[in-house]
Amino acid sequence: MCGIVAYVGDRDCTPILVGGLKRLEYRGYDSSGLAVRTQDGGIEVVRSVGKLQRLEAALAAHPLFGTDGIGHTRWATHGRPNETNAHPHAAGSVVLVHNGIVENHVALRAELEAEGVRFASETDTEVLAHLIAKAVDGGAPNLETAVRRAITRVQGSYALAVMSTKERGKIVVAKNDSPLILAHNEGEAFAASDIPAILPHVPEVLILEDGEVATLERAGITITDANGERVVRQPHRVSWSLVESGKGGFKHYMLKEIHEQPRALEHTIRGRISSDGGDVVLPESGLTPETAKEIRRVCFIACGSSSNAALTGRYWMEQLGGVRASVEVGSEVRYRDAIFGPEDLVVAISQSGETADTLAALRTAREAGARVLAIVNVRDSAIARASDGVLYTHAGPEVAVASTKCFTAQLAALLLLAVHVGRTRGSLSHAEGRRILEALKRVPGQVRTILANARGVRGIAKKHHQSKSMLVLGRGPSYPVALETALKVKEISYIHAEGYAAGEMKHGPIALVDETMPVVVLCPQDRHHDKTLSNMQEVMARGAKIIVVCTKDDAELTAMAAVRARLAASPDGSEPPPSSRPHPGNVDVIEIPDARSEVLPLLTVVPMQLLSYNLALLQGRDVDQPRNLAKTVTVE
Ligand code: AGP
């Protein structure tokens with residue numbers, strides 16, 4: 001989604017703003033722009049379509065020098081991604097940038113047009129610029145009052161940074177449902193959509209809350225509430241280092257983040273297993289033994305990859321936690337008149353902690369009396385703050401749009417939670433809890449083994465990167481991994497892929513299978529193994545090209561793959577007809593280490609992330625910033 005950076009100080013602001021926007025690139029964008037106050041007090045704007053290199057080229061042709069300015073990367077919602085619609089937008093003395101959606105922009109635009117205002121762009125944002133300019137012209141004593149007056153007219157979400165030619169050395173920011181953080185150093189002030197944008201400049205940040213307005217000046221930051229009353233806010237220390245948010249020698253952030261999974265998982269697990277190894281300690285969850293016993297249902301709410309993690313969590317919560325569990329997609333549950341009550345534990349899962357649909361849904365559940373626990377990666381994010389308790393995944397910053405290490409860290413947190421609930425409610429014995437937790441502790445090492453032996457995945461990707469479509473099958477907890485694999489393949493390689501519960505194949509999707517269709521089968525050693533193997537044979541019999549993920553030394557599968565290889569080598573017509581034997585061709589086998597069934601999803605997904613990555617690479621895609629996607633989805 002859109003990214004905002006604002007600076008007031010003594011330094012040349014253009015490199016600070018462009019540098020900040022570069023560190024927000026992961027959010028996804030299709031145009032960008034800068035507004036800088038010049039020596040004579042005017043404000044100049046430079047905008048461009050496409051990547052930030054194009055903005056840099058535009059700035060080389062038309063340099064902007066000044067010590068206060070605002071920058072923006074736009075992810076188009078209202079109006080095409082062209083230069084006219086790119087931010088900043090100007091109206092009268094006012095220039096601003098905006099992240100979010102003005103939901104009542106049609107009515108406001110009509111009202112302003114009736115008053116004689118002429119719009120330059122198709123955006124909803126320009127309405128805001130005109131409303132603020134109108135408040136300035138209407139006698140607002142200062143820019144912050146004009147902003148406060150204007151936002152009372154607006155429905156929807158916004159993070160704003162506003163400058164005025166009438167007030168030098170000042171930038172006013174405001175927010176509702178879109179993130180904005182602030183920071184102050186000796187003689188300079190910053191605002192940004194996310195911490196990495198200003199991380200090189202400040203050790204601490206302040207979080208602006210919904211409805212608040214802040215004034216950035218060299219002397220400091222003043223925060224006021226909706227009534228203009230002064231708000232005192234304590235800063236938070238930033239713990240992520242810049243080193244961590246660089247590419248660290250990897251070609252892409254996604255590849256780096258895939259390889260960071262062992263460490264990320266260690267961080268998620270660390271300090272959360274009791275000293276005797278049989279229990280989970282989660283004081284920050286806010287779940288006491290009493291409240292855990294009162295839970296009648298666990299409802300997971302999430303979007304995208306996080307909802308695939310939630311589906312896996314449902315299996316664990318019912319099996320280990322002994323509680324009825326359901327999964328809801330944020331965008332659906334918020335409008336479904338869903339029934340929540342005090343007996344529900346709602347677990348909101350989000351990497352960014354800012355996903356608008358998840359946030360709105362958890363608020364609805366909380367208003368209805370449900371206890372809300374957040375599983376998030378970003379400290380003090382909106383979802384963390386809106387919940388009764390928080391389990392941080394501690395995976396470190398995830399920059400690539402496609403989630404990898406945050407997904408596996410969510411799985412680890414969900415398994416810990418299920419064991420915790422099971423132990424507290426008595427549905428899981430201490431001995432069994434210890435065996436599961438021992439298995440979880442081995443996972444980081446096993447992921448290292450998978451990554452060290454993953455060279456073959458690129459070869460498999462080479463065979464299939466020109467495929468038009470792909471199926472991914474799994475049963476039990478491998479089913480959400482199938483969904484996650486398909487999502488990953490789609491979002492970064494743009495190859496159409498669908499994940500299915502393997503048992504569903506014969507209810508329709510098997511009609512798609514022919515000799516051109518690669519089918520990934522997730523078939524690790526668990527209680528679903530034999531049934532999945534049968535489903536695999538059904539698609540093999542119809543000619544599919546199989547990629548199977550199985551436990552190391554799976555004798556049955558190895559034998560089956562060998563038969564296929566033999567048949568492929570001598571298709572002499574003497575074999576039985578295709579309906580009764582595996583179709584000639586090859587089976588590609590990807591092995592994972594032997595592990596307890598509970599932790600298998602944390603292992604099977606890793607080679608699938610690498611497969612998606614390699615498919616995208618071979619397709620020449622923009623792996624870290626796939627088209628049309630944003631890292632943090634702050635609009636619904
Ligand atoms: C994952 O690869 C996606 N890009 C996307 O589905 C993401 O998981 C979804 O938007 C939810 O984000 P969140 O975890 O930050 O809430």
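Since this is a predicted model, take the numbers as computed values, not measurements.

Visitor: I'm lost on the environment of A91 in this one. Help?
Guide: Position of A91 among the secondary structure elements: in strand 5 (residues 89-91). With relative accessibility at 3%, the residue A91 sits in the buried group. Beyond its immediate chain neighbours, meaning those up to four positions away, A91 contacts A129, H130 and A133.

Visitor: Would you mind going over the sheet that holds strand 25 (residues 587-592) with me for this structure?
Guide: Each strand in a sheet pairs with another by means of backbone hydrogen bonds, the pair being arranged parallel or else antiparallel. The five strands are arranged 22-21-23-24-25 in an open sheet whose pairing can be described as parallel. The outermost strands of the open sheet, each flanked by one partner alone, are strand 22 (496-501) and strand 25. Strand-to-strand twist in this sheet, taken as the mean axis angle between neighbours without regard to direction, amounts to 20°. The strands that helix 16 (residues 478-493) touches are strand 21 (469-474), strand 22 and strand 23 (518-523); relative to strand 22, the one it contacts most, it runs at about 175°.

Visitor: Looking at this structure, I do not really get the side chain of T532. What am I missing?
Guide: Positionally, T532 belongs in helix 17 (residues 529-540). With relative accessibility at 2%, the residue T532 sits in the buried group. Setting aside residues up to four positions removed in sequence, T532 forms contacts with R475, V521, L522 and C523.

Visitor: Where do I start with the environment of L451 in this structure?
Guide: Within the secondary structure, L451 sits in helix 14 (residues 430-452). L451 gets classed as buried once you look at its relative accessible area, which sits at 13%. The spatial distance from the C-alpha of L451 to the C-alpha of I258 is 8.6 Å, given a sequence separation of 193 residues. Sequence-distant contacts of L451, defined by excluding residues within four places in its chain, comprise I258, H259, P262, V606 and L610.

Visitor: So what exactly am I meant to see when it comes to the site of the ligand here?
Guide: For the ligand, the set of nearby residues contains 15 residues, the closest of which are S306, S350, Q351, T355 and E491. For the ligand, an oxygen atom lies 2.6 Å from a polar atom in the side chain of S306. In this structure, S350 approaches the ligand through a side-chain N or O atom, which is 2.6 Å from an oxygen atom. For the shell around the ligand, a count of residues per class yields five nonpolar, eight polar and two charged. Viewed by domain, the shell around the ligand spans two of them, domain 2 (253-452) and domain 3 (455-618), each represented by three or more residues.

Visitor: Honestly, the sheet that holds strand 18 (residues 344-350) in this entry has me stumped. Any pointers?
Guide: An order of 17-16-18-19-20 is seen for the five strands of this open sheet, with the pairing classed as parallel. On the outer flanks of this sheet lie strand 17 (324-329) and strand 20 (389-392), each paired with one strand and no other. The average angle at which neighbouring strand axes cross in this sheet is 20°, direction not considered. Where strand 16 (residues 297-302) lies against strand 17, six bridges are found, and the strand directions are parallel. Of the residues in strand 17, the one forming a bridge with F300 is V327. The strands touched by helix 9 (residues 304-321) are strand 16, strand 17 and strand 18; relative to strand 17, the strand with the most contacts, the crossing angle is about 170°.

Visitor: Honestly, helix 19 (residues 600-618) in this entry has me stumped. Any pointers?
Guide: In an α-helix there are 3.6 residues to a turn, and that puts residues three or four apart on one side. For helix 19, spanning 19 residues, the distance from its first C-alpha to its last is 28 Å, which sits close to the expected 27 Å at 1.5 Å a residue. The element helix 19 is largely enclosed, with a buried count of 17 among its 19 residues. G620, located one to two residues past helix 19, shows a positive phi value of around 70°.

Visitor: What exactly am I supposed to notice about the side chain of H252 here?
Guide: Tracing the sequence through the fold places H252 in the loop between strand 15 (236-237) and helix 6 (253-259). Residue classification places H252 among the buried residues on the basis of a relative accessible area of 13%. In this structure the side chain of H252 is engaged in a polar contact, spanning 2.8 Å, whose partner is the side chain of Y613. Discounting chain neighbours no more than four positions away, the residues touching H252 are K247, Y613, L617, V623 and D624.

Definitions and limits used
- Residues numbered from 1 in each chain as written.
- Predicted model: local features only at pLDDT ≥ 70, side-chain atom pairs only at ≥ 80, totals over all residues.
- Heavy atoms only, no water.
- Helix = DSSP H or I, 4+ residues; strand = E, 2+ residues; numbered from the N terminus.
- Buried < 20%, exposed > 50% of the residue type's maximum accessible area, 1.4 Å probe, protein only.
- Contact = heavy atoms within 4.5 Å.
- Pairing = 2+ DSSP bridges.
- Axes fitted to C-alpha atoms, helices over the stretch in contact; angles between N-to-C directions.
- Near = heavy atom within 4 Å.
- Polar contact = N/O pair within 3.5 Å; in protein donor to acceptor, adjacent residues only side chain to side chain.
- Nonpolar A, V, L, I, M, F, W, Y, C, P; charged D, E, K, R; others polar.
- Domains from an automatic or database assignment.
- Expected span 1.5 Å × (residues − 1).

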